[in-house]
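Listed here are the chains, written in short residue letters.
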Amino acid sequence: MRHWTETASIKQILLDDRPLEVLVACSPYERTMGLLQLNSFEGAVLFQFDHEAMYPFTSEGMQFDFHINFYDGAGVLVDSMFVDKPGVVWPSRAFRYVIESSSPLPIGNLNV
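Only a predicted model underlies this, so the values are computations on that prediction, with no experimental measurement involved.

Asks: Before we go on, may I ask you to explain the side chain of S101 in this structure?
Replies: Its location among the elements puts S101 in strand β8 (residues 95-101). Note on S101: relative accessible area 5%, which makes it buried. Here G43 takes part through its backbone oxygen, which lies 3.3 Å from a polar atom of the side chain of S101. One polar contact links the side chain of S101 to the main-chain carbonyl oxygen of S103, over a distance of 2.9 Å. Those residues in contact with S101 that sit more than four places away from it in its chain are G43, A44, F66 and H67.

See below:
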């Protein structure tokens, strides 16, 4: 069975005024699966939610370390973390957008 990232839509966004190409995880299934079940990943994934809230992000089952940034509905950075061990990742407050990346992400605001 193919992983959702193989057929995901690609979008160019601005992160701190720098262009970044991302895969877009919009559906509940894509947001739930994220990068789980992949042995490696080069690139970035944008998780979009319908509204700001606190959603748990788990690194259980992840096969590699990753960077994660959380943004509110206006695209303002909420938190930025490097995840290198299994567990649940919680930002400090509600968010609407998340970017997971295999590489460090710029610390700045998001423009989708």
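Asks: Is there a simple way to think about the nonpolar core in this case?
Replies: Counting residues in each nonpolar core, the largest one holds 24 residues, and the members touching the most others are V45, F57, I68, F70 and V98. Secondary-structure elements contributing two or more residues to this core are β2 (18-25), β3 (44-53), β5 (66-71), β6 (77-83) and β8. Residues I13, Y97, L105 and L110 belong to the second largest nonpolar core, which totals eleven residues.

Asks: Just checking my understanding: could you explain a nonpolar patch on the surface for this structure?
Replies: On the surface, a cluster of nonpolar side chains totalling about 300 Å² of accessible area is made up of M54, V88 and W90. When its relative accessible area of 44% is taken as the criterion, W90 is described as partly exposed.

Asks: What am I meant to see in the pairing of β3 here?
Replies: The side chains of a regular strand alternate between the sheet's two faces. Among the ten residues that make up β3, seven are buried, leaving the element largely enclosed by the rest of the structure. Here β2 runs beside β3; their pairing, made up of three bridges, is parallel. Bridge assignment links V24 to a residue of β3, and that residue is L46.

Calculation notes
- Residues numbered from 1 in each chain as written.
- Predicted model: local features only at pLDDT ≥ 70, side-chain atom pairs only at ≥ 80, totals over all residues.
- Heavy atoms only, no water.
- Helix = DSSP H or I, 4+ residues; strand = E, 2+ residues; numbered from the N terminus.
- Buried < 20%, exposed > 50% of the residue type's maximum accessible area, 1.4 Å probe, protein only.
- Polar contact = N/O pair within 3.5 Å; in protein donor to acceptor, adjacent residues only side chain to side chain.
- Contact = heavy atoms within 4.5 Å.
- Core = buried A, V, L, I, M, F, W, Y, C linked by side-chain atoms within 4.5 Å.
- Patch = residues over 30% accessible without salt bridge, like charges linked within 9 Å, V, L, I, M, F, W, Y side chains within 5 Å.
- Areas by Shrake-Rupley, 256 points an atom, 1.4 Å probe, with all protein chains shown as cover.
- Salt bridge = Lys/Arg side-chain N within 4 Å of Asp/Glu carboxyl O.
- Pairing = 2+ DSSP bridges.

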